[in-house]
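Inside the fold
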Amino acid sequence: MKKLLISAALFYSTVIQAQVAGKPPMGWNSYNCYGSAVHEDEVKANADYVAANLKQFGWNYVVVDFLWSYDNPAGSKIGNPFQQQLYDGSYVPWLAMDDYGRLLPTPNKFPSAFGGKGFKPLGDYVHSLGLQFGIHVMRGIPRQAVWAKSKVLGANGITADMIADTSSTCPWMNHMYGLNMRKPGAQEYLNAILNLYASWGVDFIKVDDIARPYSAAEIEGYKKAIAQCGRPMVLSISPGETPVAQATHVQANANMWRMADDFWDSWDQMLKMFDYARAWEGTGGAGHWPDCDMIQIGKLSKRGPVGPERYSRFTEDELYTHMSFWCIFRSPLMLGGNLPENRNIERTLFTNDEIIAVNQQGENPKQLYKKDGNMAWYSQVQGSKDLYVALFNIADSAHAVTLDFAQLGLKGKVAVRDLWKKQDAGVFKKSFTQRINAHGAMVIKLHAE
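Bear in mind that the values here come from a model prediction, so they are computed numbers and not experimental data.

**Describing the overall build of the protein**
- Counting its regular elements, the protein contains 12 helices and 23 strands.
- The C-alpha radius of gyration of the protein comes to 23 Å, within 12% of the 22 Å expected for a compact globule of 449 residues.
- Expressed along its principal axes, the backbone C-alpha trace of the protein runs to roughly 75 × 55 × 40 Å.
- Counting every position in the protein, which comprises 449 residues, the buried fraction comes to 58%.
- Residue pairs in contact within the protein that sit at least 24 positions apart in sequence constitute 73% of those at least 6 positions apart.
- Summed over all atoms, the accessible surface of the protein reaches about 18,000 Å², with 51% contributed by carbon and sulfur.

Here's what the structure looks like:
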C-alpha cells in the first residue's frame, strides 16, 4: 500500500509540475544584480516593478537567489563566501538555521523573517501583487547541521551526520554536504525542508550544485519532496552543463535545467549558447524546459557578483539578439537586471507581446541553418500553419540575411510580419532578405497565403 501511495503521489506530481510550467516560466531573479547580498526592500522594489509594468505581459515569478541565510557584512560584494571552521569543528559565520538543520533567511537582510517567520511575510507580499514567489537553495544539507548533529524532522532517531555524504561537496561554496539518498532519513530531510518552503508560500525552487556532476538521486529526492508537500512548485536545477545524456531523466524530474555555466553579458558566451541550444534541440515541452540562464539586460552587478556595477555590456543589436534567441528557443525567461533602473531600451525589450508570444506559444523550435555568419531558428505557431522565424547575423559586420521559403516547405506567396517592429513587412515569393547589423537579429512571423 505504501508503494502505491508513493507512486500515486509521483504521478500526481508529474501532472501538477507540467501544469505549473506548462509554458517557459517568466520572472525576475536577484542574482545578477545583487549576488549573495540582496535585501528584502530590494526584492520588494523589483516585485513592485514586475507587478506594475511586466505582469500584464506574462512575467510573474520573483526569485530570491542564493545565500539568504548568510549575513553579509555591510557593503560586502563577495561572490561565494566560504565558511571557516573553529578549533572545535564549528562553523563561522554561522548560517541562520532551525533545530532541524533547515536554513532560514537572516533577519539582517530580511527583517520580516524575524522571530522564525521565515520567508512567509515576503512570500505573502509577493502574492499580494498577483505574483509568484521563489527561492534558491544549495543542494544537500548544511555542514553546520552535520557538526551539530541536528535532528531530522520526521525521521525518529536520525541526525544530520547520519544522512550526509561528506565526500560530496561543492567546489565553489563549502556550506553544504550532499545527501546520501540511500540512507534512512535522507528523503525525510528533503521532505522537511520542502514542507517548510510550502508553509512560506514558495512557488519556485532553484536547486544549485546538482547538475554538474549530475546527481540523479538527489534530483529525484527533490521531486518526491515537492510531491508530498502539498504545494505545486517549479523545480529548476543548476548550474550547467547538465549532460545531454541525461535528457530523459531530467525531463521526467525537473521543470528547468541549465545547459551551461553562468551566462553573462559576453558575445563569446552568446555564441557558445547557440551551440548548447542546438545540442538540446527537441527536449523542451510542457513541464520541462532547457534553460539558457538569466537574461543579462539592464543594470547588473550592483553588489557583485561579476564585474563592476554596469548596464549590460551587450550592444543594442546584441540585446535584441539575446532576447530574440531566448524567445525562439523557448528558454525560461528570468530577468537578471535591477528592474527599477530600467531605461526605455529595457522596457521595449521586455514588453513586446508579439515577441513574448514566440516564447510562450511557439512549438518545436529548431535550427534551420547556421553558416557563413548567419543563423536561423524557427518554430510552429500553435493552432495554425504559420511559422515563427528568428534570423541572426552572428558575423562582425552588417550584411544581408536570406530566408529561403522552400527550406520551410512554404510555396507561393508568403506574408511576412516583423515582430519587433509590430509591422507587416510585405508579401514575398520564394525568399525574404533583410540587411541585419553585426550581431543583430530579426524575428518574423510567416503566413503562406
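**Some words on the sheet that holds strand β6 (residues 141–142)**
- Pairing in this open sheet of three strands is antiparallel, and the strands run β6-β8-β7 from one edge to the other. Edge positions in the open sheet fall to β6 and β7 (164–169), since each of these has one partner strand only.
- Where β7 lies against strand β8 (residues 176–179), three bridges are found, and the strand directions are antiparallel. The residue bridging Asp165 from the neighbouring strand is Gly178, located in β8.

**As for the UniProt feature "domain: Alpha galactosidase C-terminal" (unreviewed entry) in the protein**
- Sites flagged by UniProt as "domain: Alpha galactosidase C-terminal" (unreviewed entry) map to residues 384–446.
- When the span residues 384–446 is considered, its composition is 0% helix and 60% strand, and the gap between its end C-alpha atoms is 11 Å.

**Overview of the packing of aromatic side chains**
- Applying the stated rule across the entire model yields 24 aromatic pairs.
- Consider the rings of Trp257 and Trp280, whose centres lie 5.6 Å apart with planes at 55°: the pair is tilted. A residue pair is termed long-range when its members are at least 10 positions apart, and Trp257 in strand β11 (residues 256–258) and Trp280 in the loop between α9 (267–279) and β12 (289–291) qualify at 23 residues.
- For the ring pair Phe325 and Trp326, a centre distance of 6.3 Å and an interplane angle of 75° mean the geometry is edge-to-face. The exposure classification of Phe325 matches that of Trp326, with both residues buried.
- Positioned above the aromatic ring of Tyr311 is the side chain of Lys299, whose terminal nitrogen or guanidinium carbon lies 4.8 Å from the ring centre.
- Here the basic side chain of Arg343 rests over the ring of Tyr311, its NZ or CZ set 3.8 Å away from the ring centre.

**Comments concerning the sheet that holds strand β10 (residues 234–237)**
- Judged by pairing direction, the sheet is parallel, and its eight strands sit side by side in the order β12-β11-β10-β9-β5-β2-β1-β15 without closing on themselves. Strands with a single pairing partner mark the edges of an open sheet, and in this sheet they are β12 and β15 (333–335). Here the average twist between neighbouring strands, direction ignored, is 25°.
- Looking at chain direction, β10 and β11 are connected through two bridges and run parallel. Considered in β11, the bridge of Ile237 is made with Trp257.

**Section: the environment of Ile356**
- With respect to the helices and strands, the residue Ile356 is situated in helix α12 (residues 353–361).
- For Ile356 and Phe57, which are 299 residues apart along the polypeptide, the C-alpha to C-alpha distance reads 7.6 Å.
- With sequence-adjacent residues up to four places away left out, Ile356 is seen in contact with Met26, Phe57, Trp59 and Phe350.

**Digging into helix α4 (residues 120–128)**
- If you check which residues of α4 are buried, you get Leu122, Gly123 and Val126. In an axial view of α4, the angular spread of the buried residues amounts to 100°, which keeps them on one side of the axis.
- Lining the buried residues of α4 we find α3 (40–54), β2 (61–64), β5 (132–138) and α6 (186–200).
- In the segment just after α4, Gly130 is the residue with positive phi, at about 80°.

**A few points about the pattern of salt bridges**
- Going through the model one piece at a time under the given rule, you end up with 23 salt bridges.
- The salt bridge involving Arg303 is made with Glu42; its shortest N-O contact spans 2.6 Å. Here Arg303, found in the loop between β13 (299–300) and β14 (310–311), pairs with Glu42, found in helix α3; they are 261 residues apart in sequence, far enough to count as distant.
- Judged by its relative accessible area of 21%, Arg303 is partly exposed.
- In this structure, Glu218 engages Arg139 in a salt bridge whose closest nitrogen and oxygen atoms are separated by 2.7 Å. Within this pair, whereas Glu218 is found in helix α7 (residues 216–229), its partner Arg139 is found in the loop between β5 and β6, the two being separated by 79 residues in sequence. Across the pair, Arg139 and Glu218 agree in class, each one buried.
- Salt bridges sharing partners connect three or more residues here, namely Lys299, Lys302, Glu309 and Glu341.

**Some words on the nonpolar core**
- Formed by 128 residues in total, the largest nonpolar core has its most connected members in Trp59, Tyr197 and Phe325.
- The greatest single-element share of this core, amounting to nine residues, is contributed by α6.
- Other than its neighbours up to four places away in sequence, Phe325 contacts Met273, Phe274, Ala277, Cys292, Met375, Trp377 and Phe392.
- Grouped together as the second largest cluster of nonpolar side chains are 19 residues, Tyr378, Phe432, Ile436 and Leu446 included.

**As for α6**
- Spanning 15 residues, α6 covers 22 Å between terminal C-alpha atoms, matching the ideal 21 Å at 1.5 Å per step.
- With 12 of its 15 residues buried, α6 lies for the most part within the structure.
- Ala186, Gln187, Tyr189, Leu190, Asn191, Ala192, Ile193, Leu194, Leu196, Tyr197, Ala198 and Trp200 are the residues of α6 that are buried.
- Where α6 is buried, its residues contact α4, β5, β6, β8, β9 (204–208) and α7.
- Following α6 by one or two positions, Gly201 has its phi on the positive side, about 85°.

**Looking at the packing of α6 against α7**
- At a minimum axis distance of 8 Å, the contact between α6 and α7 shows a crossing angle of 50°. Relative to α7, the element α6 lies oblique. As α6 packs across α7, the resulting crossing turns out to be right-handed. Between α6 and α7, the contacting residues are Gln187, Leu190, Asn191, Ile193, Leu194, Asn195 and Ala198 on the first element and Glu218, Gly221, Tyr222, Lys224, Ala225, Ile226, Gln228 and Cys229 on the second.
- Residue composition of the contact of α6 with α7, by class: eight nonpolar, five polar and two charged.

Cut-offs used in this document
- Residues numbered from 1 in each chain as written.
- Predicted model: local features only at pLDDT ≥ 70, side-chain atom pairs only at ≥ 80, totals over all residues.
- Heavy atoms only, no water.
- Helix = DSSP H or I, 4+ residues; strand = E, 2+ residues; numbered from the N terminus.
- Rg over C-alpha atoms; globule rule 2.2 N^0.38 Å.
- Buried < 20%, exposed > 50% of the residue type's maximum accessible area, 1.4 Å probe, protein only.
- Contact = heavy atoms within 4.5 Å.
- Areas by Shrake-Rupley, 256 points an atom, 1.4 Å probe, with all protein chains shown as cover.
- Pairing = 2+ DSSP bridges.
- UniProt positions renumbered as here; feature names shortened; annotations may be inferred.
- Phe/Tyr/Trp six-rings, centres within 6.5 Å; stacked < 30°, edge-to-face > 60°.
- Lys NZ or Arg CZ within 6 Å of the ring centre and 35° of its normal.
- Axes fitted to C-alpha atoms, helices over the stretch in contact; angles between N-to-C directions.
- Arc of directions from axis to C-beta.
- Salt bridge = Lys/Arg side-chain N within 4 Å of Asp/Glu carboxyl O.
- Core = buried A, V, L, I, M, F, W, Y, C linked by side-chain atoms within 4.5 Å.
- Expected span 1.5 Å × (residues − 1).
- Parallel < 35°, antiparallel > 145°, perpendicular 65-115°, else oblique.
- Left-handed = near helix turned anticlockwise from the far one by under 90°.
- Nonpolar A, V, L, I, M, F, W, Y, C, P; charged D, E, K, R; others polar.

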